[in-house]
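Report on the structure
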Amino acid sequence: MKDFWNSILTFSQTTVKTIGQQFLKDFGSAQADEKDDGTLVTQSDNWADATIRSAIALAFPSHGILSEEGEHVFPDTEWCWVVDPLDATTNFARGIPIWGISLGLLYRGTPVFGCVHLPLLNQTFHGFYAEDLAADNVLTNMPQGAFLNGKQIRPTADKMSGNHIFNLCSRSVGIGPHLPSKIRMLGMASYNFLTVASGAAMGGVEATPKIWDIAGSWVIVKAAGAVWLPLESQAIFPLEVGKNYGRVSYPTLVMNRQELVSVFLPFVEAWKKKKMG
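For the structure given in this document, a descriptive report is provided here. (Residues numbered from 1 in each chain as written. Predicted model: local features only at pLDDT ≥ 70, side-chain atom pairs only at ≥ 80, totals over all residues. Heavy atoms only, no water.)

1. Here's the deal with unusual backbone geometry
To be explicit about the condition: Only DSSP runs of H or I with at least four residues qualify as helices, and only runs of E with at least two residues qualify as strands; both kinds are numbered from the N terminus onward. Note on classification: 1.4 Å probe, protein chains only; a residue is buried when its accessible area is under 20% of the maximum for its type, exposed when over 50%, partly exposed between these limits.
The linkage connecting phenylalanine 237 with the following residue, proline 238, adopts the cis geometry, with an omega of 0 degrees. You can see proline 238 is positioned in the loop between strand E13 (227-230) and strand E14 (252-255). Positioned with a positive phi, asparagine 122 is a non-glycine residue whose angle comes to about 55 degrees. Relative to the assigned elements, asparagine 122 resides in the loop between strand E6 (110-118) and strand E7 (123-128). Accessibility expressed as a relative area gives 56% for asparagine 122, which makes it exposed.

Structural data, given as C-alpha cells:
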C-alpha cells in the first residue's frame, strides 16, 4: 500500500498545482455570479471542478467524488474525494490573495488524507491521519503527519497572550470584542484552520463551513495535533451514503491545544446563544 499512498500524494500535489497555475492567470479578471445559496461562483471554479473530477476519474476510476460545484450526494464507494475547486471564491473574485484548492480523500466516509494549496502564498499543506478509524489492513502502511511545503508542522505551544491570533469568519464577528487575543478574518475556511495547525494562530472558528471546506483541512489539523471541536452535537464523520451534503453546515472551533478550549469555548457558546436567542 506504500505505493498507493505515494500515488495519492503525487496525484494531489500535481493536480492542485496545475489548477493553481491557471488560477494565477485568471486572478484579477474573474467575473463572479451569485449561486442559489448566495455564494459566488466563477468560470474558474467550474473549470477547475471539471478538470479535477476528470483527473480523479482517470487516475482512480473506482473512487467516488463529492464536489462543491458538482455532485453533492455522498456515493456508495469505499474511497471518495471531496473537492473544493476554489476555496474563498469571494477573495479570488475581489482580488484578495488568500484562496486555494482543497482535496480530501475519504475511506469509508472518513477523511484520511488532505491537500490544500494556496498558489499566491506558495503554500501547499498535506496530511495523513487515520487514528479515528479502527485498525484496517488498508491503512496499515499509511504515512502519518501534517506538512507545509514538505516540512512537518505542529500547533504553537506558546503561552497565550494578547499578541496571539484567533481567526473569525464573517458570520462570527460578534465574538471578536470579547476575546483575549488579536483577531483576524481570512475569508478562507480551510486556511483559517490550517493556520492553527501550522502554529500561526492559537485558534479559529467557522460558523457555516460545508463538507468541501473541511474535509481536507480536518485531516491536516488532526494530524498536526490540534483540537477540532464540532459546535453541534452530531458527529461529522463518517459521511452517510446517499445523503445530500449541499446545504449541510458544520460549525467548528479549532484550537492549538486542549487546555485553551476552556478559555475560548465560553465566548463562542455565548455568541451562539445570543445569536439563536
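2. Observations regarding the pattern of salt bridges
Where we set the bar: For salt bridges, the criterion is a side-chain nitrogen of Lys or Arg within 4 Å of an Asp or Glu carboxyl oxygen.
Evaluated as defined, the whole model comprises three salt bridges. Across the pair arginine 108 and glutamate 78 runs a salt bridge, and its minimum N-O distance is 3.0 Å. Taken together, the residues arginine 108 in the loop between strand E5 (100-107) and E6 and glutamate 78 in the loop between strand E3 (64-67) and strand E4 (79-87) connect sequence positions 30 residues apart.

3. Some remarks on empty space enclosed by the protein
To keep it simple, the criterion reads: For each structure, a 1 Å grid was placed over the protein atoms alone; sets of points admitting a 1.4 Å probe that cannot get out are labelled cavities, open sets with protein on both sides within 12 Å along at least five of seven lines are labelled pockets, and lining residues have an atom within 4 Å of a point. Grid points are joined across faces, edges and corners, and a volume is the space filled by probe spheres set on the points. Each residue gets one label: Ala, Val, Leu, Ile, Met, Phe, Trp, Tyr, Cys and Pro are nonpolar, Asp, Glu, Lys and Arg are charged, and the others, such as Gly, are polar.
Counted according to the given criterion, the structure contains one cavity of 30 Å³ or more. As for the largest cavity, its lining consists of Pro230, Leu231, Glu232, Gln234, Ile236, Tyr250 and Pro251. Residue composition of the lining of the largest cavity, by class: five nonpolar, one polar and one charged.

4. What about the pairing of E5?
Note the threshold: Paired strands, as defined in this entry, are two strands with at least two bridges between them according to DSSP.
For E5, the buried fraction is high: eight of the eight residues fall into the buried class. The side-chain alternation of E5 yields two buried faces, one formed by Gly100, Ser102, Gly104 and Leu106 and the other by Ile101, Leu103, Leu105 and Tyr107. Across seven bridges, the pairing between E4 and E5 is antiparallel. Considered in E5, the bridge of tryptophan 81 is made with leucine 105. Bridging between E5 and E6 involves seven bridges; their strand directions are antiparallel. Bridging across to E6, glycine 104 finds its partner in glycine 114.

5. Quick notes on the side chain of lysine 210
To be explicit about the condition: Here a polar contact means two N or O atoms within 3.5 Å. Within protein one must be a hydrogen donor candidate and the other an acceptor candidate, and residues neighboring in sequence count only if both atoms are side-chain atoms. Whether two residues are in contact is decided by their heavy atoms: any pair within 4.5 Å suffices.
Mapping lysine 210 onto the fold places it in the loop between strand E12 (203-206) and helix H5 (211-224). A polar atom in the side chain of lysine 210 sits 3.3 Å from the side chain of serine 249. The residues contacting lysine 210, other than those within four sequence positions of it, are Gly246, Arg247, Val248, Ser249 and Tyr250.

6. Observations regarding the environment of alanine 235
Its place among the elements puts alanine 235 in the loop between E13 and E14. Classification of alanine 235 by relative accessible area gives exposed; the value is 60%. On a C-alpha basis, the gap between alanine 235 and tyrosine 250 in space is 9.4 Å, while along the polypeptide they are 15 residues apart.

7. A look at the environment of methionine 160
Relative to the helices and strands, methionine 160 is located in the loop between strand E9 (151-152) and strand E10 (165-168). The spatial distance from the C-alpha of methionine 160 to the C-alpha of phenylalanine 27 is 37 Å, given a sequence separation of 133 residues. Non-local contacts of methionine 160, meaning those with residues more than four positions away in its chain, are made with Pro180, Ser181, Met202, Arg257, Leu260 and Phe264.

8. Let's talk about the nonpolar core
Keep this limit in mind: Remark: nonpolar core denotes a set of buried residues (Ala, Val, Leu, Ile, Met, Phe, Trp, Tyr, Cys) joined through side-chain atoms within 4.5 Å.
Ranked by size, the top nonpolar core spans 71 residues in total, and within it Trp5, Leu66, Trp81, Ile211 and Leu239 carry the most contacts. Looking at which element gives the most residues to this core, the answer is H5, with 10 residues. Dropping the residues within four chain positions of it, tryptophan 5 is found in contact with Trp79, Leu105, Val112, Phe128, Val138, Leu139, Asn141, Met142 and Pro143. Ile175, Val205, Ala207 and Phe264 belong to the second-largest nonpolar core, a separate cluster that totals 19 residues.

9. A few points about helix H1 (residues 2-26)
Each α-helix turn comprises 3.6 residues. Residues three or four places apart therefore point the same way. Convention followed: Given a helix with a known number of residues, its expected span is that number minus one, times 1.5 Å.
In a regular helix each residue adds 1.5 Å, so 25 residues correspond to 36 Å; H1 covers 36 Å between its end C-alpha atoms and thus fits that length. Listed in full, the buried residues belonging to H1 are Phe4, Trp5, Ile8, Leu9, Phe11, Ser12, Thr15, Val16, Ile19, Gly20, Phe23 and Asp26. Among the structural elements, helix H2 (43-59), E4, helix H3 (89-94), E5, E6 and E7 are those in contact with the buried residues of H1. Where H1 terminates, the next one or two residues include glycine 28, which has phi positive at roughly 100 degrees.

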